[in-house]
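# Chain and residue survey
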Amino acid sequence: MLSSLAPFPNAISLNLVSPLSSARSPPSLFSSFRAQMSSESLPPLPQHRIVLGCGAVSVDFLATVASYPNPDDKIRSTSLKVQGGGNAGNSLTCAARLGLNPRLISKVANDAQGKSILEELEADGVDTSFLIVSEEGNSPFTYVIVDNQTKTRTCINTPGYPPMMPEELSQSRLLSALDGANLVYLDGRLHETALIVAKEAARKNIPILVDAERKREGLDDLLNFTSYAICSAKFPQAWSEAPSVPSALISMLLRLPNLKFVIVTLGEDGCIMLERTVDGGSDAEEKDIHSLLESLKLRIDDSKTTPTCVSSAVTKLSANGIGTVTGRLFVGTAEKIPPSELVDTTGAGDAFIGAVVYALCACMPPEKMLPFAAQVAASGCRALGARTGLPHRTDPRLATFL
């Protein structure tokens with residue numbers, strides 16, 4: 001069935017990777033004027049805009065189908081798109097479109113898809129000078145089946161070969177990549193190389209954000225250096241073995257002393273964030289985190305379709321059998337996307353992370369950061385693929401969130 005979705009990637013010519021083709025066309029005077037007007041009305045860009053990412057890049061072969069096939073079925077796709085993917089590639093593309101200057105450490109092969117990966121990242125403003133290019137092997141690629149009926153996607157990934165080895169990143173290149181960086185982002189892949197990056201970043205007191213999508217080899221080592229963690233819905237309990245998501249968040253902060261906040265993303269149900277408070281809160285009342293979470297949910301205005309956020313005061317948050325953390329609890333909502341506008345959720349989590357990276361560089365408070373990140377993620381769900389719908393800084397949908 002895979003061969004029916006697309007030819008084998010080694011046969012792909014560069015001109016098939018075309019999500020940026022419209023962006024490369026000369027802009028009209030009207031569109032340039034409108035973009036300039038939009039830029040002038042926006043708040044200034046963050047002063048420190050350099051971020052360094054280390055992780056996965058790939059080529060995505062996205063086929064939409066009327067409904068997911070049964071075993072041994074033969075079906076036709078309703079549309080096909082070929083574009084760059086990978087968690088780190090997507091998140092840094094998002095950050096670049098929002099106005100940051102991202103650098104990326106990863107590895108591709110010197111093949112057609114590897115060249116297209118580099119070309120597309122560079123066109124979006126991602127610095128690829130720290131990527132390793134192997135003369136042999138194959139670049140990573142992923143088949144993505146998008147179900148139009150359920151609005152879900154299934155990913156089948158083929159890793160790149162040969163894999164990246166830590167010795168391929170010299171100390172001098174690492175120091176150059178970290179020079180001037182305001183934040184380091186790790187997606188949990190290339191864990192041996194990522195650990196070297198994390199250790200050097202920690203030595204330089206550069207904060208680290210980790211995408212904890214699922215339990216992976218080497219992830220625990222990375223989490224020990226992590227300043228900020230963004231988790232998928234299932235990760236906190238899987239990692240902590242706590243009985244509930246709220247208690248798992250407390251467990252993560254207790255077990256990871258460097259962690260300043262942890263966010264768990266919940267798809268259309270928004271997100272939950274637990275932020276550690278270092279100073280103050282000694283006189284705060286102790287509250288059960290489950291009861292507090294339910295009280296915050298009651299404050300959400302369900303009539304609003306745009307993302308919002310409600311938060312607690314600084315509180316001693318407890319979970320039975322887990323422990324107590326002093327901090328603040330936040331509940332963020334997702335945008336209520338009309339069914340007619342929802343196209344594909346591929347890369348929504350990557351977009352959310354890219355927006356959080358921007359928000360941290362811009363020193364946004366959590367009450368502003370969570371709705372902003374949710375809005376960016378929702379914009380990406382309105383087009384096929386992880387990058388097609390990623391908004392630029394001048395997108396009118398973001399105006400009230402920046």
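The structure we're discussing is the one just above.
Here the residue index of a chain counts from 1 through its sequence in written order. Whole-chain, interface and lining totals are the exception, using all residues; otherwise, since this is a predicted model, local features are given only for residues with pLDDT of at least 70 and side-chain atom pairs are given and counted only at 80 or more. The side-chain figures draw on all heavy atoms in the structure; neither hydrogens nor water molecules are used.

### Looking at the overall build of the protein
Cut-off, in case you're wondering: By the criteria applied, helices consist of DSSP H or I runs no shorter than four residues and strands consist of E runs no shorter than two, each listed in order from the N terminus. The buried label applies to any residue whose accessible area, calculated with a 1.4 Å probe on protein chains only, is under 20% of its type's maximum; exposed applies above 50%, and partly exposed to all values in between. Contacts are residue-level and defined by heavy atoms, with any inter-residue pair within 4.5 Å sufficient. Method for areas: the Shrake-Rupley scheme with a 1.4 Å probe, in which residue coverage is limited to the protein chains shown.
Of the regular secondary structure elements, the protein holds 13 helices and 17 strands. Residue burial in the protein is summarised as follows: out of 402 residues, 52% are buried. Here the analysis covers contacts within the protein between residues at least 6 apart in sequence; of these, 71% occur between residues at least 24 apart. Accessible surface, the protein as shown: approximately 18100 Å² in total, 51% of it carbon and sulfur.

### Digging into the side chain of Asp-60
Defined as follows: For the purpose of charge, His is not counted, nor are the chain termini; Lys and Arg are scored as positive and Asp and Glu as negative. We define a salt bridge as a contact between a side-chain nitrogen of Lys or Arg and a carboxyl oxygen of Asp or Glu at a distance within 4 Å. Polar contact is defined as a pair of N or O atoms within 3.5 Å, subject to the rule that within protein one atom must be able to donate a hydrogen and the other to accept it, and that residues adjacent in sequence are counted only when both atoms are side-chain atoms.
Secondary-structure assignment places Asp-60 in strand 2 (residues 58-65). Here Asp-60 occupies a buried position and makes no salt bridge, while the nearest side chain of opposite charge, Arg-387, is found at 6.7 Å. A distance of 3.1 Å separates a polar atom in the side chain of Asp-60 from a polar atom in the side chain of Ser-58. Residues in contact with Asp-60, not counting those within four places in the same chain, are Lys-81, Val-82, Gln-83, Gly-84, Gly-85, Gly-86, Thr-142 and Val-144.

### As for the nonpolar core
Applied cut-off: As used in this record, nonpolar core signifies buried Ala, Val, Leu, Ile, Met, Phe, Trp, Tyr and Cys residues forming a set joined through side-chain atoms within 4.5 Å.
Of all hydrophobic cores here, the largest spans 54 residues; its most connected members are Leu-209, Ile-263, Phe-352, Val-356, Met-369, Leu-370 and Phe-372. By residue number, the principal contributor to this core is helix 12 (residues 348-361), which donates 10 residues. For Phe-352, the residues in contact, after removing those within four places along its chain, are Ile-230, Ile-263, Thr-265, Cys-271, Leu-370, Ala-373, Ala-374 and Ala-377. Counting residues in hydrophobic clusters, the runner-up holds 51 residues, among them Ile-132, Leu-174, Ile-250 and Ile-289.

### Topic: the packing of helix 10 (residues 245-255) against helix 11 (residues 289-298)
Put simply, the test is: Fitted lines through C-alpha atoms give the axes, limited to the stretch in contact for helices. The angle between two N-to-C directions lies from 0 to 180 degrees. Geometric relationships in this document are graded by angle, where less than 35 degrees denotes roughly parallel, more than 145 denotes roughly antiparallel, 65 to 115 denotes roughly perpendicular, and other angles denote oblique. Each crossing gets its hand from how the near helix is turned against the far one by less than a right angle, where anticlockwise is left-handed and clockwise is right-handed.
One way to put it is that helix 10 packs onto helix 11 with a least axis distance of 9 Å and a crossing angle of 120°. One element, helix 10, and the other, helix 11, form an angle in the oblique class. For the pair helix 10 and helix 11, the crossing hand works out as right-handed. Along its contact with helix 10, which presents Pro-246, Ser-247 and Ile-250, the element helix 11 presents Ile-289, His-290 and Leu-293.

Scope: geometric values only; no functional claims are made or implied.
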